[in-house]
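# Coordinate analysis (summary)
Each chain, written out:
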Amino acid sequence: MTDAPQGTTALPIQIRDLTKRYGSVHALNSVDLDVHSGEFLTLLGPSGSGKTTLLMAIAGFSRPDSGSIRFGEDEVILTPPHKREVGMVFQSYALFPHMNVADNIGFPLKLRGISGAERAARVEEALETVQLSGFGARNIDQLSGGQRQRVALARAFVFGPRILLMDEPLSALDKKLRERMQIELKHLHRKLGVTTVYVTHDQREALTMSDRVAVINDGELIQLDTPEVIYNSPANAFVADFIGESTMLPLTRDDAGALLFRGQVVGDAGTDQGRDWTLVMRPERLFFADAGAETDDQTIVLTGVLREAVFQGESEMALVAIDDDTEVAVRFGTSGRASASGSNAGDQVSIGLDRNDVIIIPDGQAV
Amino acid sequence: MNWWSRPAADTQITHGNRLWLYVLSAIIMLLLVAPTLIVVPMSFSDSQYLEFPPSTWSLRWYEEYLGSAKWMRATATSFQVGFLTMLVATPLGVMAAYALFVSRHRATRAIFLLLITPMIVPVILIAIGTFYAYGRVGMNNTIAGLVLAHSALALPIAIIVVTAGLSSYDLSQEQVARSLGATRTKAFFLITLPQIRFSVITAALLSFLTSFDEVIIAIFVSGGANATLTKHMFAALRDYIDPTIAAISTIMVILSSALLLLTQFLGSKGKRN
Ligand SMILES: Nc1ncnc2c1ncn2[C@@H]1O[C@H](COP(=O)(O)OP(=O)(O)OP(=O)(O)O)[C@@H](O)[C@H]1O
Ligand SMILES: [Mg+2]
């Protein structure tokens, strides 16, 4: 955070017991969520999980059945959207086609009675921030998708909102542009320092951009933590499966509390008794071990038959059958050094996993 | 390659193959407009009677029309009623179409059908019903009564036109406007209305025309000093036939066609935006 935040001070959001039902569907089921002042928090979940519903409740467009939303000290659950001082960016951008770029961005300023030179100056400043200087007089239909995205963004922060909400703002862009905009959005967030709630169903995007990620499923908050923790210590099978790629294998627990995978100790359940435990293996954390390697203090070694190896550009994916109905995915780089060690489909191979990379989740059912 | 053997569309079909279609279409269009156009030459006749083709030409029936206090008064009434109908039906139509567009209520479909029933029910039934209802409350032969009845006819048209205009509109624009600080009303007037303005103007013009051209309800519920042009024309046709009717018809055809062309023009302009 090198640049000093401009605009008004950011506000924390405190959500308590928020519930919203559509008929029998619980779009939100008793959600508690704290968004820290100035942080970039992403709501991540599959389609229909309730992300938009939650965002719309924060913006004031959908009225929850019960619960509380506070911006700082203020309860806003009954505050209409236009009084919430929340900047919003939609997936469709929702630019006003009957106004040019400058009028679009100037719209919130006009509503606040800011006119003439000051409005023009602030619009220009916002345009500069999103790297669109000189585009003010353009019509909306003369802009590319990425430029529209920036205009929508400028319009959402130009009036100095205390909170910025974005609902899948990059999903209409192609992959290259999307990745560039992810970085730019992150920079912009640092510069503005505004509390930001971002919605996506793209886990990679969530991990790239966020200070913290809130994983949502079926209207419930499943896990809220930093991208590293979400990825390395998923709270349950749903998170492990949804974030990143993974192979999940059931574990057994011996009387001493050690967790075993095919007789090899992979972890410790402590005194926790009555649960199922699952081993999660990320394909990129697995590697091909030398033939004859054995499990030791550092590495767990599994043997199996190479089913197939698929070239995917920057990496190669191998499927290894460790028994008749269990396949483990192994991903490795395609540099000259690494390869499927010259193995062919049908060959016997050994795969290794560093003990530090072992992920064990409780109550997991392989999904 | 001559015109005959050139393809008429992105297919193998040539203009030559399609000749029968062109001829058929021309005949149908001719049949549609010929009865209307036949009054035009008749209106320039010098004869006492409706005559086609006229043996001698003059503008006397136009002079007759423009010089008659009775016809002028009826014309003023028609314009007044048309204009007021436009003022009543257009805002109501916009509001109804907008509400039906925004609402997710289960009953919207049923409400829409209810609102457009005046278009489906035979006008004569509406006329008779209105006549008896107005008889109870003393609204026959009043401007207000006629405007209300015509508004009921114009409303479905206004609703359909504005609904079509809204169909491609992205409501999230209004949500954005509200998050940016606009009240719902402001968001509608600053963001939505400007974008559907061509539909709204079209709805207004068609509402005016609906009333201006309307004869059946006018025959029943307008009269005396507040009789419309169409009612007088109908009475004139029944009682004595003279070419003044042809002159008035010609003027009405020109006015109506001009307004319709205007709506077409606005429609294409609206689509481009
Ligand atoms: N207006 C509505 N009427 C009825 N059900 C709704 C409505 N809006 C949302 N839902 C339901 O609520 C649930 C959550 O929807 P929501 O739009 O919040 O999902 P989402 O996480 O944003 O999904 P997506 O990634 O597809 O945008 C879904 O089951 C959806 O069908
Ligand atoms: Mg959504």
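Everything numeric in this text was worked out from a predicted model, so none of it was measured.

## Re the overall build of chain B
Each helix and strand in chain B was counted, giving 14 helices and 0 strands. Secondary structure elements in chain B, listed N-terminal to C-terminal, are α-α-α-α-α-α-α-α-α-α-α-α-α-α. Oriented by its inertia axes, the alpha-carbon framework of chain B measures out at about 70 × 70 × 30 Å. For chain B, with 273 residues in total, the buried portion stands at 33%.

## A word on the overall build of chain A
A count of helices and strands for chain A gives 8 helices and 20 strands. Over its C-alpha atoms, taken along the principal directions, chain A stretches across nearly 80 × 50 × 40 Å. Taking all 367 residues of chain A together, 38% fall into the buried category.

## Observations regarding the domain arrangement of chain B
You'll often see interface size given as the accessible area lost when the parts meet. When its domains are assigned, chain B resolves into domain 1 (3-34) and domain 2 (68-239). If you average the C-alpha positions of domain 1 of chain B and of domain 2 of chain B, the two centres end up 38 Å apart.

## Overview of the site of ligand 1
Every one of the 13 residues lining ligand 1 counts as a neighbour, but Tyr22, Ala27, Ser47, Thr52 and Thr53 of chain A are closest to it. Around ligand 1, the nearby residues trace back to chains A and B. Counted by class, the shell around ligand 1 contains 3 nonpolar, 8 polar and 2 charged residues.

## Some remarks on the pairing of strand S12 (residues 258-261) of chain A
Residues and elements named next belong to chain A. The alternating pattern of S12 places Leu259 and Phe261 on a buried face and Ala258 and Leu260 on a face that is not buried. Relative to S12, strand S11 (residues 247-253) runs antiparallel, the two being bridged by 2 bridges. Along S12, the bridge assignment pairs Thr252 with Leu260. Here S11 folds back onto S12 in antiparallel fashion, the turn holding 4 residues, of which Gly257 has a positive phi close to 100 degrees. Relative to strand S13 (residues 264-268), S12 is paired through 4 bridges, and the arrangement is antiparallel. Paired with Phe261 across the bridge in S13 is Gln264.

## Description of the nonpolar core
Judged by nonpolar contacts, the single largest core of 104 residues is most densely connected at Leu55, Ile58, Ile105, Ala154, Phe157 and Leu165 of chain A. With residues near it in sequence (within four places) discarded, Leu165 of chain A still touches Leu55, Ile58, Ala59, Val86, Gly87, Met88 and Val197 of chain A. In terms of nonpolar packing, the next biggest core, distinct from the first, is built from 33 residues, Ile157, Ile159, Ala204 and Ile217 of chain B among them.

## Focus on the sheet that holds strand S8 (residues 195-200) of chain A
All names here are of chain A. A sheet is described by the order of its strands in space; here 6 strands give the open sequence S6-S7-S8-S3-S9-S10, paired in mixed fashion. The sheet is open, and its two edges are formed by strand S6 (86-89) and strand S10 (220-225), each paired on a single side. In this sheet, neighbouring strand axes are inclined to one another by 20 degrees on average, regardless of whether the strands run parallel or antiparallel. The pairing of strand S3 (residues 40-44) with S8 spans 5 bridges and is classified as parallel. Of the residues in S8, the one forming a bridge with Leu43 is Val199.

## A word on the domain arrangement of chain A
Residues and elements named next belong to chain A. Partitioning chain A into structural domains gives domain 1 (13-241) and domain 2 (252-362). The gap between the C-alpha centroids of domain 1 and domain 2 is 39 Å. Taken together, the contact between domain 1 and domain 2 spans 6 residues of the former and 4 residues of the latter. Residues of the side of domain 1 that touches domain 2, tallied by class, amount to 3 nonpolar, 3 polar and no charged.

## What to know about the interface of chain B and chain A
Taken together, the contact between chain B and chain A spans 14 residues of the former and 19 residues of the latter. Secondary structure elements with two or more residues in the side of chain B that touches chain A: helix H9 (172-179) and helix H10 (184-195) of chain B. Top element by residues in the side of chain B that touches chain A is H9 of chain B. It accounts for 6 residues. Among the residues forming the side of chain B that touches chain A, the class breakdown is 5 nonpolar, 7 polar and 2 charged.

## With respect to the sheet that holds strand S18 (residues 326-333) of chain A
Backbone-to-backbone hydrogen bonds pair the strands of a sheet. The strands run either parallel or antiparallel. Residue and element names in this part refer to chain A. In spatial order, the strands read S15-S19-S16-S17-S18; together these 5 strands make up an open sheet with antiparallel pairing. Strand pairing shows two members of the sheet lacking a second neighbour, strand S15 (286-289) and S18, which therefore form its edges. Averaged over all neighbouring strand pairs, the angle between strand axes comes to 50 degrees, with direction disregarded. Pairing of strand S16 (residues 299-311) with strand S17 (residues 315-323) involves 6 bridges; the strand directions are antiparallel.

## Some remarks on the packing of helix H4 (residues 69-102) of chain B against helix H8 (residues 143-167) of chain B
How two helices sit against one another is set out by the angle between their axes and by the gap between those axes. Residue and element names in this part refer to chain B. At a minimum axis distance of 6 Å, the contact between H4 and H8 shows a crossing angle of 40 degrees. The angle between H4 and H8 places the two elements in the oblique class. Seen from above, H4 lies across H8 with right-handed handedness. Of the residues belonging to the contact of H4 with H8, the class tally is 20 nonpolar, 7 polar and no charged.

## What about the environment of Met281 of chain A?
All names here are of chain A. Secondary-structure assignment places Met281 in strand S14 (residues 277-281). The buried category is assigned to Met281, around which 24 C-beta atoms lie within 10 Å. Separated by 45 residues in sequence, Met281 and Thr326 place their C-alpha atoms 13 Å apart. Setting aside residues no more than four positions away along its own chain, Met281 makes contact with Ser246, Thr247, Leu286, Val328 and Leu353.

## Description of the packing of H4 of chain B against helix H13 (residues 229-239) of chain B
All names here are of chain B. Direction vectors running N to C along H4 and H13 enclose 140 degrees, while the axes themselves pass 7 Å from each other. In terms of their interaxial angle, H4 and H13 are classed as oblique. Only Leu229, Thr230 and His232 of H13 make contact with H4, whose side of the interface consists of Trp71, Ala74, Thr75 and Ser78. Of the residues in the contact of H4 with H13, the class split is 3 nonpolar, 4 polar and no charged.

## Remarks on the pairing of S3 of chain A
Residue and element names in this part refer to chain A. Summarising burial for S3: 5 of the 5 residues are buried, a large majority. A two-sided burial pattern is seen for S3, the buried positions comprising Phe40, Thr42 and Leu44 on one face and Leu41 and Leu43 on the other. Sheet topology places S3 next to strand S9 (residues 212-217); 4 bridges connect them, and they run parallel. Residue pairing in the sheet places Thr42 in a bridge with Val213 of S9.

## As for the confidence of the model for chain A
Across chain A, the average pLDDT comes to 87, with 93% of residues at 70 or higher. In the model, residues 1-7 of chain A has pLDDT below 50 throughout and makes 9 contacts with residues more than four positions away in sequence or in other chains.

## Digging into the environment of Ala289 of chain A
Relative to the elements of secondary structure, Ala289 of chain A occurs in strand S15. If we skip the residues at most four places from it in the chain, Ala289 of chain A touches Val301, Ser350, Ile351 and Gly352 of chain A.

Conventions used here
- Residues numbered from 1 in each chain as written.
- Chains lettered and ligands numbered in written order.
- Predicted model: local features only at pLDDT ≥ 70, side-chain atom pairs only at ≥ 80, totals over all residues.
- Helix = DSSP H or I, 4+ residues; strand = E, 2+ residues; numbered from the N terminus.
- Buried ≥ 20, exposed ≤ 12 C-beta atoms within 10 Å, placed from the backbone.
- Domains from an automatic or database assignment.
- Near = placed C-beta within 6 Å.
- Nonpolar A, V, L, I, M, F, W, Y, C, P; charged D, E, K, R; others polar.
- Pairing = 2+ DSSP bridges.
- Core = buried A, V, L, I, M, F, W, Y, C linked by C-beta atoms within 7 Å.
- Contact = placed C-beta atoms within 7 Å.
- Axes fitted to C-alpha atoms, helices over the stretch in contact; angles between N-to-C directions.
- Parallel < 35°, antiparallel > 145°, perpendicular 65-115°, else oblique.
- Left-handed = near helix turned anticlockwise from the far one by under 90°.
- pLDDT = per-residue confidence, 0-100.

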